[in-house]
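# Observations on the three-dimensional arrangement
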2 protein chains.
Amino acid sequence: MASWVGQMRTDDNQRRILALADLIVRFGANVQPGQIVSLASEPGKEPLARAIAEAAYRAGAKFVDLSVFDIHVKHARMLHADPATLGFVPPWYGERMRKLGELRSAAIALTGPVAPRIMDGIDPALLGRDLLPRVRESIEIVNQRVSNWTAAPCPTASWAELVYPELEPADALERLWREVTHICRVDEPDPVAAWEERMDALVAVADKLDRMRLDALHFAGPGTDLTVGLLPTSRWHCARISTVDGIVHAPNIPTEEVFTTPDPERTEGYVTSTKPLFVSGAMVTGLRVRFARGRAVELDADQGADTLRTLTHRDRGSARLGEVALVDRESRIGSLDRVFFDTLLDENAASHIALGEGLDFTVGEEDHARINRSELHIDFMIGSDQVAVTGIERGGARVPLLRGGAWQI
Amino acid sequence: MASWVGQMRTDDNQRRILALADLIVRFGANVQPGQIVSLASEPGKEPLARAIAEAAYRAGAKFVDLSVFDIHVKHARMLHADPATLGFVPPWYGERMRKLGELRSAAIALTGPVAPRIMDGIDPALLGRDLLPRVRESIEIVNQRVSNWTAAPCPTASWAELVYPELEPADALERLWREVTHICRVDEPDPVAAWEERMDALVAVADKLDRMRLDALHFAGPGTDLTVGLLPTSRWHCARISTVDGIVHAPNIPTEEVFTTPDPERTEGYVTSTKPLFVSGAMVTGLRVRFARGRAVELDADQGADTLRTLTHRDRGSARLGEVALVDRESRIGSLDRVFFDTLLDENAASHIALGEGLDFTVGEEDHARINRSELHIDFMIGSDQVAVTGIERGGARVPLLRGGAWQI
């Protein structure tokens, strides 16, 4: 029996890996024949990374450019390198990104924390100086819409132990795979069709919000009373977008959000995060932020406040908002009511805001100069069924948007 | 008992890893404070790669730039990519190499085949088109002597199974670690001192050979009757060299050879390889090559001939010699009498020649125009205790150099 069960699980797992890889390549990045595909991975993610490479070559990719980031190497840097050098990034990192954009490449990144506790005990001020694997130029190619890209989760043993500490390691990994498979709709008979349907629903919500021409959003709940002003041309989108060359792609798998870029000058009030945030190698829990005239002027947390505080001092825009996103309780992630310690999953469980760089394509050209600019883009979750979201129209009328996690529009 | 033994082995292994990493960083590459360190690794080599990163940062490195090459991704390319695209290399690969040189970086590469059988069944003509992870520019920075670099072996489970198919996997890995530790003199109380001593002996041999001002070498043994003409200014070296900035480093750990660059026009006769060669993902065994006026004009093998034949048609210089090297039986690798299926180890077990690019620093400026040029540099082993090596002086006198594997000078 045991060996038969083991066999079944292996086959199951291989099937899930292939199905997820296929979804990532065909639907997420929508890789086109002749494209270079940048593939960002980490040690421990080889099975999915290799399946993606194979799916990409089957889809006609010209070259799959694997880059593997090892957080253990970054950890050694934090421990032993001259602190004055921690901001250094080799010039070829950015050059590669720019070239990927010039050559109209596809890009795939695998998320999911590997060695999530490794940076415990490192001075948060140091952590905030080295933002790798993020490079500044990756935001540029997103905003220039020259790359069809996607980020998707890759289960690993260490991530599974973080999410399900109560389970045996093998069971935890199995559970994580099962939940990720569900969240990514890979358990549907036709995952792509399932995503098209969900996307259509999100597009319909975004269209309704656009027609309301809101001036601001108001979030009210435990520890939260926050007003986020919008730009006159802020438009709502879901994560189904197109490159300048017309390649439609889904930048996040999974995605459950509608989002826009707010006015970086008009966020007021205070907000309490509803999920932990894992950023720059540090866990941030119980985050509380007060905004005045758009700036985060006070920032505290139960854990990890220093890291985030350092990040908000990174540049002119890193203490202001670049995104606001709404997520309803239909989200497959939200309905699991689990913390994944991975922004991609957690941000699609709940409404959220992001400090840092805004998203050009969500704002009319005439307001581009007003979009927040930063090297960073840090999402954190502020929504829950206990947080009421209200739209404020230009005339001042208040329209309920989310109550108890359900759309009111 | 079992757990105590397990513990002991783990500690032993950790100690070996740290000692090898330290040797690679301090003696091999001789990393200098403030340097960028390029670190080329593969999946499965994380423990040593991370120890090297840590040792490099302790030595004052500014940044360790890890690049991980996954042969499984290359395999997917071979299976599914358009064959016409297989020669494509993203421009940032070469650009990175050039910049590494410009910035006077250190470079460390970990050898040892991972998934050695993966390319079985792939058309050898296709294999010869994709030379990655080798990039043309890496030979340039070696020849410009702008980087202090080293290549060193990293034991992995898959490599161990290839070398010791008769052992249980865990025993095979333990055996490979033990032999690599011995070969790399990490089992000496002071490995650096042990290497300095061996290097001094090799320098003495090189000096003697230089004083002989040889015109050619002659190799005679089973299946071998080969004359390799030298250039007027061919000088003998061992693998302890200096960058243009005076950083002394050991480009190979281990190293047991003295070598020079021959005249690419004057190799004549036939030669039979004395060890298998693992190149471009293919195993080449029983290699037999006939040279006329310097060119490999006939090439056959028991296995893998097509791959090598394709490679020799790569460019103008890929069928001519760029190196000739002599290894005596004092080599710790040679005395194990084992095939490691890894050029770095196997080439230091036996005398060898290399098709492709020559080594500028071994030849006087006046003969630089005569050095062989190629994108490739493929070493293959032609020496054994059964192969007599004789020097031919300019006047025609013949001087025994190696007999029964022992130096005669």
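These remarks concern the structure in this document. (Residues numbered from 1 in each chain as written. Chains lettered and ligands numbered in written order. Predicted model: local features only at pLDDT ≥ 70, side-chain atom pairs only at ≥ 80, totals over all residues. Heavy atoms only, no water.)

## Concerning the overall build of chain A
- Along chain A, the regular secondary structure elements total eleven helices and 21 strands.
- Over its C-alpha trace chain A gives a radius of gyration of 21 Å, about what one expects of a compact globule, namely 22 Å for 409 residues.
- When the backbone C-alpha atoms are referred to their principal axes, chain A occupies close to 65 × 50 × 45 Å.
- When burial is assessed residue by residue, chain A has 59% of its 409 residues classed as buried.
- Counted over contacts in chain A with a minimum sequence separation of 6, partners at least 24 positions apart contribute 76%. (Helix = DSSP H or I, 4+ residues; strand = E, 2+ residues; numbered from the N terminus. Rg over C-alpha atoms; globule rule 2.2 N^0.38 Å. Buried < 20%, exposed > 50% of the residue type's maximum accessible area, 1.4 Å probe, protein only. Contact = heavy atoms within 4.5 Å.)

## Quick look at the pairing of strand β3 (residues 106–111) of chain A
Residues and elements named next belong to chain A.
- Of all six residues that make up β3, five are buried, and the element is covered over most of its length.
- Bridging between strand β1 (residues 36–41) and β3 involves four bridges; their strand directions are parallel. Within β3, the position partnered with Ser38 by the bridge is Ala107.
- Inspection of the sheet shows β3 paired to strand β4 (residues 148–153) by six bridges, in the parallel sense. Across the sheet, the residue bridging to Ala109 is Ala151, located in β4. (Pairing = 2+ DSSP bridges.)

## So, the relation of the copies chain B and chain A
- Once chain B has been moved 0.0 Å along the axis and rotated by 180°, it coincides with chain A to within an RMSD of 0.0 Å. Here the transformation between the copies is reduced to the relation of a two-fold axis. Taking the C-alpha atom as reference, chain B places Val68(B) closest to the rotation axis, 3.0 Å from it.
- An overlap of 100% is found between the interface residues of chain B and their copies at the interface of chain A, pointing to a shared contact surface. (Least-squares fit on C-alpha atoms with pLDDT ≥ 70 in both.)

## Concerning the packing of aromatic side chains
- Inspection of every chain in the model, using the stated rule, returns six aromatic pairs over all chains.
- Here the aromatic residues Phe63(A), Phe88(B) and Tyr93(B) are joined through ring pairs into a cluster of three or more.
- Stacked on the ring of Phe88(A), the Lys or Arg Lys62(B) has its end atom at 4.1 Å from the ring centre. (Phe/Tyr/Trp six-rings, centres within 6.5 Å; stacked < 30°, edge-to-face > 60°. Lys NZ or Arg CZ within 6 Å of the ring centre and 35° of its normal.)

## So, the interface of chain B and chain A
- Facing 34 residues of chain B, the contacting portion of chain A comprises 34 residues.
- Taken together, both faces of the contact between chain B and chain A bury some 3300 Å²; the carbon and sulfur share is 73%.
- Joining chain B to chain A, the criterion identifies two salt bridges.
- Connecting chain B to chain A are ten residue pairs in polar contact (both at pLDDT 80 or more).
- Elements supplying a minimum of two residues to the side of chain B that touches chain A: α2 (46–58), β2 (63–68), α3 (71–80) and α4 (91–102) of chain B.
- In terms of residue count, the dominant contributor to the side of chain B that touches chain A is α4(B) (seven residues).
- Residue composition of the side of chain B that touches chain A, by class: 20 nonpolar, three polar and eleven charged. (Buried area = accessible area lost by both parts, 1.4 Å probe. Salt bridge = Lys/Arg side-chain N within 4 Å of Asp/Glu carboxyl O. Polar contact = N/O pair within 3.5 Å; in protein donor to acceptor, adjacent residues only side chain to side chain. Nonpolar A, V, L, I, M, F, W, Y, C, P; charged D, E, K, R; others polar.)

## Looking at the sheet that holds strand β17 (residues 352–356) of chain B
Residue and element names in this part refer to chain B.
- Spatially, the five strands line up as an open sheet ordered β7-β10-β16-β17-β18, and their pairing is antiparallel. Two strands lie at the open edges of the sheet, namely β7 (237–238) and β18 (377–381), each paired on one side alone.
- Its contacts with the sheet put helix α9 (residues 191–212) on β7, β10 (257–260) and β16 (321–327), and the angle it makes with β10 is roughly 35°. (Axes fitted to C-alpha atoms, helices over the stretch in contact; angles between N-to-C directions.)

## Some thoughts on unusual backbone geometry
- The omega torsion across Leu132(B) and Pro133(B) is 10°, close enough to zero to call that bond cis.
- By secondary structure assignment, the location of Pro133(B) is in the loop between α5 (124–127) and α6 (136–143).
- In the segment running from Ile253(B) into Pro254(B), the intervening peptide bond is cis, with an omega of 0°.
- Assignment of secondary structure puts Pro254(B) in the loop between β9 (248–249) and β10.
- Positive phi, close to 55°, is recorded for Arg104(A), a residue that is not glycine.
- Among the secondary structure elements, Arg104(A) is positioned in the loop between α4 (91–102) and β3.

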